[in-house]
Amino acid sequence: MAERVASKASPSMSPNVTNRPLTPADFPAVSRLHATVFGPGRFTRTAYRVREGAPAFSPYCRVAMLGERLIAAVRFTPITVGGEGGALLLGPLAVDPEFAGQGFGKRLISEAMEAARTDGVRLVLLVGDEPYYGRFGFRPVPPGQITLPGPVDPRRLLAAELIPGALARSCGPTAGQRA
């Protein structure tokens, strides 16, 4: 179900932004947004290696639309940790620079994590900054407990428990969960 939220966009634009699940038709616009926000180096990130071979999107991937214009997108990839499913990798989160700092990314993450919690997902991982992601319940993963393929600053590997105690029960390498 889409949710309408007030936008701080310029008066010439519609004041309503619609959040909804990502669809295959959104991929070109999402790819353009990622190129704008992250540049060509985005493909070398460790999180991209985790997602290799995993489905292109999950029910938790969301976009924010201002009319027909995609202004924000977040991806959640089903992963295994130590061979066990029930976890997601958050990222990337991208917001059009024109709309940054207005809460669109925050709303997408909150909606998706609540849906994941409702569906029984136990843990969400990401590589990011705790000052931003801490508001969603993300905390540092104890060093060496969970590993990703490729280099990751261990201080930036964060986890949010959607089921209490899920992090303590999760250890080992991560991989994209195959369909």
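Please read these numbers as outputs of a predicted model, since none were measured by experiment.

## Some thoughts on the overall build of the chain
Link 1 in the chain: Of the regular secondary structure elements, the chain holds four helices and ten strands.
Link 2 in the chain: Helices (α) and strands (β) of the chain occur, in sequence order from the N terminus, as β-β-α-α-β-β-β-α-β-α-β-β-β-β.
Link 3 in the chain: For the chain, the proportion of its 179 residues judged to be buried stands at 46%.
Link 4 in the chain: Considering only contacts in the chain between residues 6 or more positions apart, those separated by 24 or more positions represent 69%.
Link 5 in the chain: With the model as given, the accessible surface of the chain reaches about 8900 Å², and the carbon-plus-sulfur share is 57%.

## Some words on the nonpolar core
Link 1 in the chain: Phe76, Leu90, Ile109, Met113, Tyr133 and Phe138 are the most contacted members of the largest nonpolar core, which has 28 residues in total.
Link 2 in the chain: At six residues, the largest contribution of residues to this core is made by helix H3 (residues 104-118).
Link 3 in the chain: Sequence-distant contacts of Leu90, that is, excluding residues within four places in its chain, are made with Val74, Arg75, Phe76, Ile109, Val124, Leu125, Leu126, Tyr133 and Phe138.
Link 4 in the chain: Within the second largest apolar cluster, 15 residues are counted, among which are Leu123, Ile146, Ala166 and Leu167.

## A look at the confidence of the model for the chain
Link 1 in the chain: Across the chain, the average pLDDT comes to 87, with 88% of residues at 70 or higher.
Link 2 in the chain: A low-confidence stretch, residues 1-14 (pLDDT under 50), is modelled with 33 contacts involving residues beyond four sequence positions or located in other chains.

## Brief notes about H3
Link 1 in the chain: The first and last C-alpha atoms of H3 sit 21 Å apart over 15 residues, in line with the 21 Å expected at 1.5 Å per residue.
Link 2 in the chain: Every buried residue belonging to H3 is among Phe104, Gly105, Leu108, Ile109, Glu111, Ala112, Met113 and Ala116, and all of these are buried.
Link 3 in the chain: With its phi angle positive at about 90°, Gly120 sits one or two positions after the end of H3.

## Remarks on helix H1 (residues 27-38)
Link 1 in the chain: With twelve residues, H1 extends 16 Å from end C-alpha to end C-alpha; this agrees with the ideal 16 Å at 1.5 Å per step.
Link 2 in the chain: For H1, the full list of buried residues reads Val30, Leu33 and His34. Projection of H1 onto a plane perpendicular to its axis shows the buried side chains occupying an angular sector of 100°, all on one side. In H1, the exposed positions angled more than 90 degrees off the buried face are occupied by Arg32 and Thr36.
Link 3 in the chain: The elements touched by buried residues of H1 are helix H2 (46-51), strand S3 (62-66), strand S4 (69-81) and strand S5 (84-95).
Link 4 in the chain: One or two residues past the end of H1 sits Gly39, with phi positive at roughly 75°.

What counts, and where the lines are drawn
- Residues numbered from 1 in each chain as written.
- Predicted model: local features only at pLDDT ≥ 70, side-chain atom pairs only at ≥ 80, totals over all residues.
- Heavy atoms only, no water.
- Helix = DSSP H or I, 4+ residues; strand = E, 2+ residues; numbered from the N terminus.
- Buried < 20%, exposed > 50% of the residue type's maximum accessible area, 1.4 Å probe, protein only.
- Contact = heavy atoms within 4.5 Å.
- Areas by Shrake-Rupley, 256 points an atom, 1.4 Å probe, with all protein chains shown as cover.
- Core = buried A, V, L, I, M, F, W, Y, C linked by side-chain atoms within 4.5 Å.
- pLDDT = per-residue confidence, 0-100.
- Expected span 1.5 Å × (residues − 1).
- Arc of directions from axis to C-beta.

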